[in-house]
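Take a look at the letters that make up each chain.
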Amino acid sequence: MSRQPLAGWGRTSPSTADVRAVGSTDDVARQVAGHVADRVPGAGRGVLARGLGRSYGDAAQNGGGVVLDMTGLAEVHAVDPGTRLVDVDAGVSLERLIDVLLPRGLWVPVLPGTRQVTVGGAIAADVHGKNHHVHGSFGDHVTSMELVLADGSVRTLRRGTTDPEEAALRRATVGGMGLTGVVTRATIECRRVATSSMVVDTERAGDLDELLAVLATDEDRYPYSVAWFDAVATGGAAGRAVITRGRHAERDELPAASRARPLAYTPGVRAAVPDAVPPGVLNRATARAFNALYYRAAPRRRRTEVQDLTTFFHPLDAITSWNRLYGPRGMVQYQLVVPLGAEDVVRRVVADVAASGHVSCLNVLKRFGPGNDSPLSFPTEGWTLAVDLPVRAGLGHLLRGLDEQVLDAGGRLYLAKDSRADSATLRRMYPRLDEFRATRRRVDPDGVFVSDLARRLEL
Amino acid sequence: MTDAVGDPRSLLLMGGTSEIALAIAERYARRVPGLHVTLAARPSQRRAEAAGLLSSLGCTVAELDLDAEAPETHAAVVEAATADRDVDVAVVAYGLLGDPEEAWTDVDAGVRLARVNYVGPVATGIALADRVRRQGHGTVVALSSVAGERPRRSNFVYGSTKAGFDAFYTGLGEALREHGGRVVVVRPGFVHSRMTAGLDPAPLAVRPEDVAQAVVAAVDGSAEQVWVPAAMRPVMSVLRHVPRRVFRRLPL
């Protein structure tokens with residue numbers, strides 16, 4: 001038994017749990033079956049699987065309970081370039097998956113903003129990437145997965161199954177934040193790529209209106225699209241942005257020197273932020289400077305630039321522990337989605353953040369395509385916006401104000417990022433929450449699977 | 001659990017009619033919509049009024065009976081308060097000032113002060129610690145006093161109980177660290193309140209609201225000791241080292 005404090009990537013509300021390493025599906029089943037359920041009065045505090053801990057809030061914490069460290073359950077069982085199917089354990093990271101797939105001309109179908117997530121975590125949060133508007137979210141590409149249930153039994157959940165119970169459990173598990181059971185193994189349908197490079201168009205937008213207009217028109221020409229915007233500037237420069245959109249490069253688009261090894265890939269050098277960052281490194285002045293510099297450093301307009309993977313997908317993965325920059329109280333990442341037509345809400349949110357005095361540097365705007373049928377899956381068709389804010393006095397008040405605007409527009413927050421919403425608000429954001437709860441109660445009546453997030457939001 | 005922006009979802013006041021405890025609750029109530037507050041105190045009109053005020057601020061309020069002089073009952077009170085929810089922030093606020101001369105000349109008076117100010121808080125602290133260990137998180141706010149830092153002739157029995165209280169909760173904070181818990185020991189100077197009504201205020205006197213503000217700021221941050229006002233810290237640091245011959249002549 002190893003008692004450890006666990007926090008999310010935002011380093012905000014740690015809690016202590018009994019962390020146990022697992023190395024096989026049998027291990028997981030044993031741990032789960034031998035456990036006393038959370039809802040039994042005076043008994044245990046439940047079980048939760050944790051991957052690489054990249055969710056920002058309390059999703060991968062279970063204070064006082066058991067947390068299964070899934071990163072040791074990490075075998076790649078089979079890769080079939082013919083069918084494009086890869087069969088892996090849930091603890092395999094997307095970084096590792098890229099390493100395995102790319103030399104065979106295959107590509108992970110959905111990549112979030114970091115490669116440091118496990119396959120299990122990607123399913124639990126139903127993560128999305130720059131290609132959501134074309135390819136949907138991670139769960140859409142999982143053809144089959146193995147789930148350890150509360151009684152220790154193992155179920156296989158297949159995409160497109162005709163068994164209604166299996167289908168309901170699969171829907172609840174995708175985006176279900178680990179609360180239906182423990183995913184131990186999954187088969188993922190990959191994409192085929194000819195090279196490890198991207199062909200990227202970069203352009204700037206002078207303000208938020210221009211940004212929204214660009215993203216609303218040209219979007220279907222690019223499978224990958226995202227915009228960074230300035231969340232500090234006010235007035236005419238409010239919401240100025242850098243839009244990067246691209247597609248996988250074909251072999252003949254590479255520089256001649258690279259064509260011999262089109263799939264070559266180096267993850268890049270890792271730098272680390274030291275453990276002792278004083279509070280206040282990220283303040284109004286430094287954030288304003290960062291936002292302005294980032295905007296000005298981007299080309300006004302550049303077409304068909306060939307970029308490597310890390311530059312395009314995961315520039316932050318080159319710096320480990322960058323979350324330490326936010327100081328001892330940590331940070332909150334606030335990510336919302338509102339339907340198309342609610343552009344005014346996007347404008348108001350950007351204006352409110354800029355006017356609040358709270359500062360954000362990693363600000364992302366993207367247009368989502370239609371969502372899937374999972375009740376707790378975050379993406380729905382519309383505008384998604386993310387800002388990350390160091391915790392300071394008054395932040396709760398600002399974000400509650402934003403919550404109201406998101407609710408009024410029929411939007412929602414992303415559970416993998418949330419660390420402070422309340423249960424009443426969340427219930428209104430996810431109208432199918434009752435369906436999720438019903439499925440969860442059916443497969444886990446005593447509440448064996450639980451997390452700090454589930455307790456806070458009464459999932 | 002206290003969330004990322006420092007907002008607790010549940011607050012437990014052990015000594016729920018203490019003016020300082022209520023000032024803390026009111027401060028959180030204005031900040032956290034739907035906060036759950038448990039007032040553990042002797043049943044009284046004051047408790048009912050406090051519950052009414054907090055309800056009007058949007059809190060859901062539960063009232064529990066607490067007898068500070070019956071330490072053996074405290075575990076059951078904490079158990080009842082946490083049956084349906086984790087405790088995010090607990091405030092140990094009950095205490096007696098007593099008559100300082102009676103307290104060292106009358107056995108019953110002295111022992112009663114020791115029971116309410118020290119033995120009771122030990123029982124409460126152990127019960128809270130058990131809950132914190134089981135839930136893996138939680139903050140205990142312990143209202144100590146500068147009187148415990150260097151007891152003086154004028155109220156040394158009270159001072160001795162607070163010295164014990166302070167030492168117990170300081171140590172409890174260390175013990176709970178590995179369990180995800182935190183204890184904030186609060187050392188106010190003279191606080192204008194019912195407890196001190198009629199006494200001459202000492203220098204650096206504060207109001208319950210000042211203590212509440214300092215407590216909430218400490219819980220938001222990472223402090224484990226807080227003096228109110230902050231200037232009390234260097235003052236006490238000096239006073240602790242003043243030779244006794246000089247100390248006894250100081251007009252304190």
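Predicted model, so just to flag it, every value in this text is computed and none were measured.

### Let's talk about the sheet that holds strand 14 (residues 241-248) of chain A
Residue and element names in this part refer to chain A. Strand order in the open sheet formed by eight strands is 16-12-14-13-19-20-18-21, and the pairing between neighbours is antiparallel. Each of the sheet's edge strands pairs with one partner strand only, and the pair in question is strand 16 (301-308) and strand 21 (412-413). Where strand 18 (residues 331-339) meets strand 21, two bridges bridge the pair, whose relative direction is antiparallel. Residue pairing across strands places Leu336 opposite Leu413, the latter belonging to strand 21.

### Section: the sheet that holds strand 2 (residues 36-41) of chain B
Across a sheet, paired strands are connected by hydrogen bonds in the backbone, their directions being either parallel or antiparallel. Residues and elements named next belong to chain B. Strand order across the open sheet formed by seven strands is 3-2-1-4-5-6-7, with parallel pairing between neighbours. Edge strands, defined here as strands with exactly one partner in the open sheet, are strand 3 (60-65) and strand 7 (225-228). Geometrically, the sheet is characterised by an average inter-axis angle of 15° between neighbouring strands, direction not taken into account. By the bridge criterion, four bridges tie strand 4 (residues 89-92) to strand 5 (residues 138-143) in an arrangement that is parallel. Its bridge partner being in strand 5, Val92 is matched across the sheet by Ala142. Taken strand by strand, helix 6 (residues 156-177) contacts strand 5 and strand 6 (181-188), and its axis lies near 155° from that of strand 6.

### Some remarks on the packing of helix 1 (residues 19-31) of chain B against helix 7 (residues 208-220) of chain B
All names here are of chain B. The N-to-C vectors of helix 1 and helix 7 enclose an angle of 55°; their axes lie 8 Å apart at closest approach. Regarding the angle of helix 1 to helix 7, the classification is oblique. In the packing of helix 1 onto helix 7, the handedness of the crossing is right-handed. Between helix 1, through Glu19, Ile20, Ala23, Ile24, Arg27 and Tyr28, and helix 7, the contact on the second element is made entirely by Pro208, Glu209, Val211, Ala212, Gln213, Val215 and Val216. A class-by-class count of the residues in the contact of helix 1 with helix 7 yields nine nonpolar, one polar and three charged.

### Describing the domain arrangement of chain A
Residue and element names in this part refer to chain A. Annotation of chain A at the domain level lists domain 1 (73-193) and domain 2 (198-422). A separation of 24 Å is found between the C-alpha centroids of domain 1 and domain 2. Each partner contributes residues to the interface: domain 1 has 29 residues there, and domain 2 has 27 residues. Broken down by secondary-structure element, the contributors of at least two residues to the side of domain 1 that touches domain 2 are helix 4 (132-135) and helix 5 (164-173). Element by element, the count of residues in the side of domain 1 that touches domain 2 is highest for helix 4, at four residues. Looking at the side of domain 1 that touches domain 2, its residues break down into nine nonpolar, 14 polar and six charged.

### A few points about the pairing of strand 12 (residues 197-205) of chain A
Residues and elements named next belong to chain A. Here strand 12 pairs with strand 16 via six bridges, running antiparallel. Bridging from a neighbouring strand, Glu203 pairs with Arg301 of strand 16. As defined by bridge partners, strand 12 adjoins strand 14 across eight bridges and the pair is classed as antiparallel. Across the sheet, the residue bridging to Arg204 is Val242, located in strand 14.

### Brief notes about the nonpolar core
If you look at the biggest cluster of nonpolar residues, it comprises 132 residues, and the most contacted ones within it are A:Ile123, A:Met177, A:Leu211 and A:Ala227. Counting contributing residues, this core receives three or more from each of domain 1 (73-193) and domain 2 (198-422) of chain A. Apart from residues no more than four positions distant in its own chain, A:Met177 is found in contact with A:Ala59, A:Ala124, A:Ala125, A:Leu376, A:Leu415, A:Ser451, A:Leu453, A:Ala454 and A:Leu459. In terms of nonpolar packing, the next biggest core, distinct from the first, is built from 73 residues, B:Val132, B:Val183, B:Val215 and B:Val216 among them.

### Details of the packing of helix 5 (residues 107-135) of chain B against helix 6 of chain B
Residues and elements named next belong to chain B. Contact pair helix 5 / helix 6: the axes reach a minimum separation of 9 Å and the direction vectors enclose 10°. In terms of their interaxial angle, helix 5 and helix 6 are classed as roughly parallel. Of the residues in helix 6, those in contact with Gly110, Leu113, Ala114, Asn117, Tyr118, Pro121, Val122, Gly125, Ala129 and Val132 of helix 5 are Val157, Tyr158, Thr161, Lys162, Gly164, Phe165, Phe168, Tyr169, Leu172 and Leu176.

### A look at the interface of chain B and chain A
In this assembly, 19 residues from chain B lie in contact with 29 residues from chain A. Within the side of chain B that touches chain A, the residues separate by chemical class into three nonpolar, eight polar and eight charged.

Reading guide: rules and limits
Residues numbered from 1 in each chain as written. Chains lettered and ligands numbered in written order. Predicted model: local features only at pLDDT ≥ 70, side-chain atom pairs only at ≥ 80, totals over all residues. Pairing = 2+ DSSP bridges. Helix = DSSP H or I, 4+ residues; strand = E, 2+ residues; numbered from the N terminus. Axes fitted to C-alpha atoms, helices over the stretch in contact; angles between N-to-C directions. Contact = placed C-beta atoms within 7 Å. Parallel < 35°, antiparallel > 145°, perpendicular 65-115°, else oblique. Left-handed = near helix turned anticlockwise from the far one by under 90°. Nonpolar A, V, L, I, M, F, W, Y, C, P; charged D, E, K, R; others polar. Domains from an automatic or database assignment. Core = buried A, V, L, I, M, F, W, Y, C linked by C-beta atoms within 7 Å. Buried ≥ 20, exposed ≤ 12 C-beta atoms within 10 Å, placed from the backbone.

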